[in-house]
Amino acid sequence: LLANLTTRQKGIAALVGLTIGFACLALTYRYLSSYYTAYQQLYSCFFIAFIISFFIFPRTLSWQKIKQISARDWGIMVIRALVYYVLAINLYREALSLTKIGNVTVMQAVPFTALFGMLFFKEKVTLAKAGLLIAAFVGVLLVVVKDVSFSVFGKGEGLALLAAVLFAFGY
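From a predicted model like this one, the values you see are computed outputs, not experimental measurements.

Definitions and cut-offs
- Residues numbered from 1 in each chain as written.
- Predicted model: local features only at pLDDT ≥ 70, side-chain atom pairs only at ≥ 80, totals over all residues.
- Heavy atoms only, no water.
- Helix = DSSP H or I, 4+ residues; strand = E, 2+ residues; numbered from the N terminus.
- Buried < 20%, exposed > 50% of the residue type's maximum accessible area, 1.4 Å probe, protein only.
- Polar contact = N/O pair within 3.5 Å; in protein donor to acceptor, adjacent residues only side chain to side chain.
- Axes fitted to C-alpha atoms, helices over the stretch in contact; angles between N-to-C directions.
- Parallel < 35°, antiparallel > 145°, perpendicular 65-115°, else oblique.
- Left-handed = near helix turned anticlockwise from the far one by under 90°.
- Contact = heavy atoms within 4.5 Å.

**Here we look at the overall build of the protein chain**
Looking only at helices and strands, one finds eight helices and zero strands in the protein chain. Ordering the α and β elements of the protein chain from the N terminus gives α-α-α-α-α-α-α-α. Its C-alpha atoms give the protein chain principal-axis dimensions of about 55 × 45 × 35 Å. Each of the 171 residues in the protein chain was classed as buried or not, and the buried ones make up 20%.

If you want it as structure tokens, here you go:
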């Protein structure tokens, strides 16, 4: 099925899949939190993703390529994984248990990845890039505005904001 698609179509399909995955994160956590701990859910997701990767990328997975990764790159990957999977995901899940999903979604929509790109990698800010970031943030607000109540910025919102920063750092 994927062999007949262009690179652009594959990219669009990947973005749609990623969007669906992120949308399901909060809902599955809320549903599964009474049955499994956050780490059990995380390990289950890893296992499922590992199995699915064999079907999506059957020819591109190579243990030889993994052996050729330098120690410096392994160090960077380990630090990013710890920040993302140990810190950010747990803060995100804790925020989901303390506040409304809409509030958490708004905190996650703040474009910290773009801000880090400007700060750390000297990414040039253009009017088009700024406009797209603002449009994306406003789009999220339009989707969840009925569920957001920031009359009190509580612990859950703070954890969600910190998780967003750590997710961006992990990216």
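**Things to note about the environment of Ser97**
As for its position among the elements, Ser97 is in helix α4 (residues 71-98). Measuring from C-alpha to C-alpha, the distance between Ser97 and Gly156 comes to 7.8 Å, with 59 residues separating the pair along the chain. Within the local environment of Ser97, its side chain forms a polar contact with the backbone oxygen of Glu94, the two atoms lying 2.7 Å apart.

**Observations regarding unusual backbone geometry**
At Lys122, a residue that is not glycine, the phi angle is positive and equals roughly 55°. Checked against the element boundaries, Lys122 lands in the loop between α6 (112-120) and α7 (127-144). Taking the relative accessible area as the measure of exposure, Lys122 reaches 67% and is therefore exposed.

**Side note on the packing of α4 against helix α8 (residues 155-170)**
Contact geometry of α4 with α8 gives a least axis separation of 8 Å together with a crossing angle of 155°. Here α4 lies roughly antiparallel to α8, going by the angle between them. Relative to α8, α4 is oriented so that their crossing is left-handed. Seen from α4, the contacting residues are Arg80, Val83, Tyr84, Leu87, Ala88, Ile89, Leu91, Tyr92, Glu94, Ala95 and Leu98; seen from α8, they are Lys155, Gly156, Leu159, Ala160, Leu162, Ala163, Leu166, Phe167, Phe169 and Gly170.

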